[in-house]
Amino acid sequence: IRTKQFKTCTTRQPRPNETEQDINLVPYHFLTREEFIQGINENLFFEFYELNKGNHYDYYGTRMSDLQEAVSSDILNIAVLDPEGAVKVKALFPSAKVVFLIPPSITELFRRAINRNTDPIETILARIERSELEELSYQDRFDAKILNDDLDKCFDEIRSFIEENFTN
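Residues numbered from 1 in each chain as written. Predicted model: local features only at pLDDT ≥ 70, side-chain atom pairs only at ≥ 80, totals over all residues. Heavy atoms only, no water.

**A word on helix α3 (residues 83-92)**
Residues that lie three or four places apart on an α-helix share one face, since the helix turns once every 3.6 residues. Regarding α3, the residues found buried are Pro83, Gly85, Ala86, Val87, Val89 and Lys90. Elements in contact with the buried residues of α3: β4 (45-52), α2 (64-72) and β7 (99-102). If you check the start of α3, you find a side-chain oxygen 3.0 Å away from the backbone N of Glu84, and it comes from Asp82. (Buried < 20%, exposed > 50% of the residue type's maximum accessible area, 1.4 Å probe, protein only. Helix = DSSP H or I, 4+ residues; strand = E, 2+ residues; numbered from the N terminus. Contact = heavy atoms within 4.5 Å. Polar contact = N/O pair within 3.5 Å; in protein donor to acceptor, adjacent residues only side chain to side chain.)

**Remarks on the packing of aromatic side chains**
If you walk through the whole model with that rule in mind, you get ten aromatic pairs. A ring pair is formed by Phe100 and Phe142, whose centres lie 5.1 Å apart and whose planes are at 85°; its orientation type is edge-to-face. Placement of the pair is Phe100 in strand β7 and Phe142 in the loop between α5 (121-133) and β8 (144-147), with a sequence separation of 42 residues. Of the two residues, Phe100 and Phe142, neither departs from the other in class, the shared state being buried. Ring pairing ties together the aromatic residues Phe36, Phe45, Phe48, Tyr57 and Tyr59, which thus form one cluster. Directly above the ring of Tyr57 sits Arg33, whose terminal nitrogen or CZ lies 4.8 Å from the centroid. (Phe/Tyr/Trp six-rings, centres within 6.5 Å; stacked < 30°, edge-to-face > 60°. Lys NZ or Arg CZ within 6 Å of the ring centre and 35° of its normal.)

This is the structure in structure tokens:
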């Protein structure tokens, strides 16, 4: 199966490991706040949200043009989406498959974010709050739920799901 990572958009700053040399491995189109707001005003986004990070916020979203390109492609596109966005994709494209990766616990989610050391504490707290209050409520609307407590096991389960649903 040929796969491609589907890129969504964000206004957050690239992390140190997200360099121009590795741009094909980065899961985002990095936009300025002005570019993102212009896209909102022009109804270019299929879905978007603001993540309040204490003293500022960043936008995250999916452009309709990127989604249409992915759906019309003969390559399996894998996207990391906000749960609300994934549910919208499923509603618009019923043949799409959506998988919810479940954290072992909110405490573990927080520990992992701290250990990654890629975001300030305000961002981590905002993400944890969003996960706890909003995102986890969507899990029953997905085609599969996979517990993400062991990376190798999680990867194997995702691979099995893809093989079961996308091979002839």
